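Structure at a glance
What follows is each chain in one-letter form.
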4 protein chains.
Amino acid sequence: AHRLISPQLLGPALDRPKHIHKGDLGRLLVIAGSPGKTGAAAMASMSAMRAGAGLVTLAAPQSLCPVLEGLVIEAMTTPLAETQSGEIALSAREAVKMLLAGKSALAIGPGLGTHEETGRLIQALLLECPVPMVADADALNLIAQNPTLLKRAPSPVILTPHPGEMARLTGLSTNEIQENRTEVAREFALKNQVHVVLKGANTVVAHPDGLVCINPTGNPGMASGGMGDVLTGLIGAFLAQGLGPERSARLGVFVHGAAADLIAENIAPAGYLATDVMSMVPKALAGVWKNA
Amino acid sequence: AHRLISPQLLGPALDRPKHIHKGDLGRLLVIAGSPGKTGAAAMASMSAMRAGAGLVTLAAPQSLCPVLEGLVIEAMTTPLAETQSGEIALSAREAVKMLLAGKSALAIGPGLGTHEETGRLIQALLLECPVPMVADADALNLIAQNPTLLKRAPSPVILTPHPGEMARLTGLSTNEIQENRTEVAREFALKNQVHVVLKGANTVVAHPDGLVCINPTGNPGMASGGMGDVLTGLIGAFLAQGLGPERSARLGVFVHGAAADLIAENIAPAGYLATDVMSMVPKALAGVWKNA
Amino acid sequence: AHRLISPQLLGPALDRPKHIHKGDLGRLLVIAGSPGKTGAAAMASMSAMRAGAGLVTLAAPQSLCPVLEGLVIEAMTTPLAETQSGEIALSAREAVKMLLAGKSALAIGPGLGTHEETGRLIQALLLECPVPMVADADALNLIAQNPTLLKRAPSPVILTPHPGEMARLTGLSTNEIQENRTEVAREFALKNQVHVVLKGANTVVAHPDGLVCINPTGNPGMASGGMGDVLTGLIGAFLAQGLGPERSARLGVFVHGAAADLIAENIAPAGYLATDVMSMVPKALAGVWKNA
Amino acid sequence: AHRLISPQLLGPALDRPKHIHKGDLGRLLVIAGSPGKTGAAAMASMSAMRAGAGLVTLAAPQSLCPVLEGLVIEAMTTPLAETQSGEIALSAREAVKMLLAGKSALAIGPGLGTHEETGRLIQALLLECPVPMVADADALNLIAQNPTLLKRAPSPVILTPHPGEMARLTGLSTNEIQENRTEVAREFALKNQVHVVLKGANTVVAHPDGLVCINPTGNPGMASGGMGDVLTGLIGAFLAQGLGPERSARLGVFVHGAAADLIAENIAPAGYLATDVMSMVPKALAGVWKNA
């Protein structure tokens, strides 16, 4: 009882009429980064640009912004209040609310760390975010402390756990999850009324209405640090462009794998980097639209 | 009553005789950047190098210079006094005047922010800049507070608004502008005796004598953050090389679009970055000269 | 009495089953860097990613971390306590032990400097490292002060000296070593029960059981700063992926040379950089596996 | 009475026997950089790596080192004492002497600034440098204050002025120099017993024995900031590899122009950057050796 994701299932290309301008193509806010994990924040942000988001703003702990300004040339950065150990502080809440005011989507989590204050900020955001959001990585670990909040989110939420993060979210073991990937994702999505992207070979995309889709793209060379950050950026970009959570989640995982497959087939089956996948996204996305 | 920009209209290639040296190819001052928007400053500066400017100096808020020095390898940077929130301060006025002394053109605006002090600096510069200038982005928003100053500028001025910025400059709505792009640009150029580059599909270039040109190059993939910063750098570079404001404005928009078209046709129709366009400028410019 | 390394000797490709994830592909800790030598630390870390390590963490002197965060996008960084002159301090010992807890291998040495405190830290690590390690560059110079510790190491150790470092380790002259490369490496490996990679044309790989292998790949264009840092990263990555010290050492030197040979044959015989070799690793490794 | 530089005149390829190691290929010290001109320092250093120097150390004002460490991955950096305004201070003299002890050549000048203290340091270095040196850019302007020191230099000195710098060195006007390039360079070289590389179309290389060579490579696209910094790095690299000042100067200018010609012919006639030329050096150098 699931469908295979294909260009046809993904539907026609996002319309880019002649007079379109960057403001029409979404304003994405990325909240990411903590000391030692700036790369994750940069990759999520730049991947969103590669997926065609018009404007991307990266909000990160203030002391990391100088490094990040050197990494995200076409995106903007904005500093957030930080804890003594450098993670995003709860006191950033009002600033984040103001940043969200003009945005069309939120991507949160890459390299965020697991500080208790950051956790409380995320829980607050879950309950008041006015735009669709995708949450990944450390954001999932922080949400796992109180997953019942998910049902109270006023906007669509996409979670993108790998099996270990899914274990923390569900209380199941990784083995239990891997033996029953489709069912576990479906149940969690139904119960918490969120969209679940359970990563791994044949990524499972489960929707809150019980529909489950399976992704056929991707290859074992993707088992490498940073690949998840790229996926978060892609899904965030599609949300920001108004594709809706169902299409955004499916298109994100399909293009992510397709970009990696282009590299695996043409360059090398492994040892390619997450930033290589990021750079291949425009070509992969063009291929998807062409075959839709 | 407008002309279509073509290589023929742009005229013969800028002469590069055998003994030319970098000092003959213009000295451009770029004034740009504020916290979170260093990429815009870097892209404007490096785009000018890609358009053949001999020497480029980027003047930016002093605390951003360490980051910028890592981004603009072939250009030089110089620190300006900054406000408490990190924008260029009014007290930088004398330093800027001294920097302008040896320059052949000024590009101002990318990522500048909208601090009131920066606005006063720009207004002062408008009235005393000894070389032709191109103003974009936040500089336009600051000029919009007092557009009557434009007429008093002693040197040629090119403004490069997108429709939203044009709305702030004219007091019209974006819709009114988009429905009547040619006329709005022509009237503003005539009334304020400036050159107007009204961006968007079929960019309009209006000159102070009432002549209007329309640009045929470009594609919807350009609806992405940073593209305008690249254009500012290109026009600044042509001004610095002595092409005059008419040719500089037209050549800038034509090459900018042509570079993006090379990418859209050969790599992917969207998801390319402003820095990709920047890198393609030499090839696009060679194509223009060849067909002139 | 030695064998020539060949794809056949290296054995079948590391299995990457469909469901593999980054955690299965090793967690490598890199301890590297000192002021002026951050590039070495970055290259070792990123080379490990290029060799397919799932997760790489670079532990470096804390004041260098901002620079390193801009260089190692897909790897993580973690700051270590440092001496007044900026090298890793002995007081980092507990932090390093905690970092090692979740790791599958250690690569230590690139750009480390030769501070006495760093030396004591390395000697302590030798005696308590719970995972296989590769030691290079300054780590070798620090080990050379007390090589008898090697025999007491609880985990496999690979040393990767060039002839000058081998001289310091053995007390022989460089000439004595170069005239008798195979024997010197074999004896040191036997006596100290370590794996020795004696670099130079036809790198010698000597194992603690007396077996010696000779590497046929590589070219004189590799005589350039940073090449050794790349090798350290490769060997570390293979150790982290569980290939064992024999295969890791042999595969590391073979792929390192093969990647450089691809560049020498296709681009230029010299003047290529260590980072060029690093980028060619995935292709070279694919070639090795294909011919295994 | 001059010769045209050709691969034949440049002589056979630098021998790279199988057992060569990086220490055999020269240890170059680069002294360069001041605030706003870090790119010049980075390009000179990395160009030397591209020209095959075994080991390159960049000595720069201490507060610029963090930025430079992010730019010169394969080279090492070392901090020098600096003036209040950030240029290299006279008090760096002892440190520089110690750095020179183990080196085989010195390249000095790119982006150095013209602080009086830096000038005194350069004059002191002229009189005590134990290895051949190439001086460019601001170093020339500082030497111009007292060119009679040149004759007292204990080691070979190559100066690489453009016509404006040559004017400052000789007291002639730029016009006088350009009308009589060969003679002016020859006379200065004879009188001051240095090697002179007078840049511009058909760069003139004049030796202290009166011999003058003319370079046929290069194109007008090279009239762009940073090209001279690359040349300094190339000549420094050849000096460090022991080619002697005559061959180093000639080979440097020939390869520099040949690399730019490869780009002009294959990519675009202008708008390429100094770092593009730098990346093309290995291929250009291979072409020279092949035709020697």
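Before any of the text, the structure's been laid out above.
Our focus in this paragraph is the overall build of chain A. Broken down by element type, chain A carries 12 helices and 10 strands. A compact globule built from 292 residues would reach a C-alpha radius of gyration of about 19 Å, and chain A, at 17 Å, matches this within 12%. Expressed as lengths along the three principal axes of its C-alpha atoms, the size of chain A is roughly 45 × 45 × 35 Å. Buried residues in chain A amount to 66% of all 292 residues. Of the contacts made within chain A by residues no fewer than 6 positions apart, 67% connect residues no fewer than 24 positions apart. Side chains of chain A carry 22 positive and 23 negative charges; the gap between the two charge centres is 7 Å.

Turning our eyes to something else, we now look at the packing of helix H7 (residues 163-170) of chain D against helix H9 (residues 181-192) of chain D. All names here are of chain D. For the pair H7 and H9, interaxial distance at closest approach is 12 Å and the crossing angle is 45°. Relative to H9, the element H7 is oriented oblique. Crossing handedness for the pair H7 and H9: left-handed. Here H7 contributes Pro 163, Met 166, Leu 169 and Thr 170 to the contact with H9, which in turn contributes Arg 181, Val 184, Ala 185 and Phe 188.

This part takes up the environment of Ala237(D). Residue and element names in this part refer to chain D. Within the secondary structure, Ala 237 is located in helix H10 (residues 227-240). When its relative accessible area of 0% is taken as the criterion, Ala 237 is described as buried. Once the C-alpha coordinates of Ala 237 and Ala 53 are considered, the two residues, 184 residues apart in sequence, prove to be 5.0 Å apart. With sequence-adjacent residues up to four places away left out, Ala 237 is seen in contact with Leu 28, Ala 48, Ala 51 and Ala 53.

Moving on, we come to the environment of Arg93(C). All names here are of chain C. Along the chain, Arg 93 falls in helix H4 (residues 93-101). Arg 93 gets classed as partly exposed once you look at its relative accessible area, which sits at 34%. Distance in space between the C-alpha atoms of Arg 93 and Thr 118 is 9.7 Å, their sequence separation being 25 residues. Setting aside anything within four residues of it in sequence, one finds Arg 93 in contact with Leu 121, Ala 124 and Glu 128. Within the local environment of Arg 93, its side chain forms a polar contact with the side chain of Glu 128, the two groups lying 3.0 Å apart.

Turning next to the sheet that holds strand E2 (residues 27-31) of chain C. Residue and element names in this part refer to chain C. Strand order in the open sheet made by the 10 strands is E1-E10-E9-E8-E7-E6-E5-E2-E3-E4, with mixed pairing throughout. Each edge of the open sheet carries a strand with a single partner, namely strand E1 (3-4) and strand E4 (76-80). Bridge analysis of strand E6 (residues 133-135) against strand E7 (residues 157-159) gives three bridges, and the strand direction is parallel. Its bridge partner being in E7, Ala 135 is matched across the sheet by Leu 159. Packed on one face of the sheet, helix H2 (residues 38-50) meets E2 and strand E3 (55-61) and runs near 170° to E3.

Let's shift gears to the relation of the copies chain D and chain C. By a simple turn and slide, chain D fits onto chain C: the slide is 0.0 Å along the axis, the RMSD is 0.0 Å, and the turn is 90°. The relationship between the two copies is best expressed as a four-fold rotation axis.

Our next topic: the pairing of strand E2 (residues 27-31) of chain A. All names here are of chain A. For E2, the buried fraction is high: four of the five residues fall into the buried class. You can see the chain leave E2, run along helix H2 (residues 38-50) and come back into strand E3 (residues 55-61), and the turn it takes is right-handed. In the sheet, E2 pairs with strand E5 (residues 105-108) via four bridges, with the strands oriented parallel. Considered in E5, the bridge of Ile 31 is made with Ile 108.

Summed over the entire model, instances satisfying the criterion amount to one cavity of 30 Å³ or more. Tallied by class, residues from the lining of the largest cavity come to four nonpolar, four polar and one charged.

Residues and elements named next belong to chain C. Compared with the 18 Å implied by 1.5 Å per residue over 13 residues, the 19 Å span of helix H5 (residues 116-128) between its first and last C-alpha is a close match. Taken as a whole, H5 has its buried residues at Thr 118, Gly 119, Leu 121, Ile 122, Gln 123, Ala 124, Leu 125 and Leu 126. Considering only its buried residues, H5 is in contact with E2, H4, strand E5 (105-108), E6, helix H6 (138-143) and E7.

On to the pairing of E5(C). Residue and element names in this part refer to chain C. Of the two faces of E5, the one lined by Ala 105 and Ala 107 and the one lined by Leu 106 and Ile 108 are each fully buried. Where E5 and E6 come together, three bridges link them in parallel fashion. Looking across to E6, one finds that Leu 106 is bridged to Met 133. Between E5 and its parallel partner E6, the chain crosses via H5, and the hand of that crossover is right-handed.

Here the focus is the pattern of salt bridges. Tallying each qualifying case throughout the model produces 24 salt bridges over all chains. The partner of Asp276(B) in a salt bridge is Arg50(A), with the nearest N and O atoms 3.0 Å apart. Of this pair, Asp276(B) sits in helix H12 (residues 274-291) while Arg50(A) sits in helix H2, which puts the two residues in different chains. With relative accessibility at 25%, the residue Asp276(B) sits in the partly exposed group. Its relative accessible area of 11% is what places Arg50(A) among the buried residues. The salt bridge involving Lys37(C) is made with Asp138(C); its shortest N-O contact spans 3.2 Å. A residue pair is termed long-range when its members are at least 10 positions apart, and Lys37(C) in the loop between E2 and H2 and Asp138(C) in helix H6 qualify at 101 residues. Judged by its relative accessible area of 26%, Lys37(C) falls in the partly exposed class.

A few words now on the interface of chain B and chain A. Taken together, the contact between chain B and chain A spans 27 residues of the former and 25 residues of the latter. Taking both partners together, chain B and chain A bury about 2,100 Å²; carbon and sulfur atoms supply 59% of that area. Contact with chain A buries area across many residues of chain B, yet Pro220(B), Ala223(B) and Leu273(B) alone supply 24% of it, more than any other trio. For the pair chain B and chain A, the number of links is one salt bridge. On inspection of chain B and its partner chain A, the count reaches nine residue pairs in polar contact (both at pLDDT 80 or more). Per-element tally for the side of chain B that touches chain A: the top contributor is helix H2 (residues 38-50) of chain B, with four residues. Grouping the constituent residues of the side of chain B that touches chain A by class yields 16 nonpolar, nine polar and two charged.

What counts and how
- Numbers given to residues run from 1 along each chain, matching the order in which its sequence is written.
- Here chains are named by letter from A upward and ligands by number from 1 upward, in the order in which they appear as written.
- Totals for whole chains, interfaces and linings use every residue, but because this is a predicted model, local features are given only for residues with pLDDT of at least 70 and side-chain atom pairs only at 80 or more, for both listing and counting.
- Excluding hydrogens and water, the side-chain values take into account all heavy atoms of the structure.
- Helical segments are the DSSP runs of H or I of at least four residues, strand segments are the runs of E of at least two, and each set is numbered from the N terminus.
- Values of the radius of gyration come from C-alpha atoms, whereas the globule rule sets the reference at 2.2 Å times the count of residues to the power 0.38.
- Throughout this description, buried means an accessible area under 20% of the type-specific maximum (1.4 Å probe, protein chains only), exposed means over 50%, and partly exposed covers the range between.
- It only takes one pair of heavy atoms within 4.5 Å for two residues to be counted as in contact.
- In this tally, Asp and Glu contribute negative charge and Lys and Arg positive charge; neither His nor the terminal groups of the chain are included.
- Here the site of a charge means atom NZ of a Lys, CZ of an Arg, CG of an Asp or CD of a Glu.
- Angles shown run from 0 to 180 degrees and are taken between the N-to-C directions of axes, each axis being a line fitted to C-alpha atoms and, for helices, limited to the stretch in contact.
- Angular relationships are summarised with four words: roughly parallel below 35 degrees, roughly antiparallel beyond 145, roughly perpendicular across 65 to 115, and oblique for the angles in between.
- We call a crossing left-handed when the near helix sits turned anticlockwise from the far one by less than a right angle, and right-handed when that turn is clockwise.
- Within 3.5 Å is the distance limit for a polar contact, defined as a pair of N or O atoms, with the added protein rule that one can donate a hydrogen and the other accept it, and that residues adjacent in sequence qualify only through two side-chain atoms.
- The criterion for strand pairing is that DSSP finds at least two bridges linking the strands in question.
- What sets the superposition is a least-squares fit of C-alpha atoms, and only residues with pLDDT of at least 70 in both copies go into it.
- Clockwise travel from the first strand over the helix to the second, with the strands pointing away from the viewer, marks a crossover as right-handed.
- Think of a 1 Å grid over just the protein atoms. A cavity is a set of points where a 1.4 Å probe fits yet cannot get out, a pocket is an open set with protein on both sides within 12 Å along at least five of seven lines, and lining residues have an atom within 4 Å of a point.
- Grid points are joined across faces, edges and corners, and a volume is the space filled by probe spheres set on the points.
- Any residue that is not Ala, Val, Leu, Ile, Met, Phe, Trp, Tyr, Cys, Pro, Asp, Glu, Lys or Arg is counted as polar, Gly included; the first ten are nonpolar and the last four charged.
- Between the first and last residue of a helix there are one fewer steps than residues, each counted as 1.5 Å, and that sum is the expected span.
- A pairing counts as a salt bridge when a side-chain nitrogen of Lys or Arg comes within 4 Å of a carboxyl oxygen of Asp or Glu.
- Once two parts are put together, the accessible area they lose, assessed with a 1.4 Å probe and summed over both, is termed the buried area.

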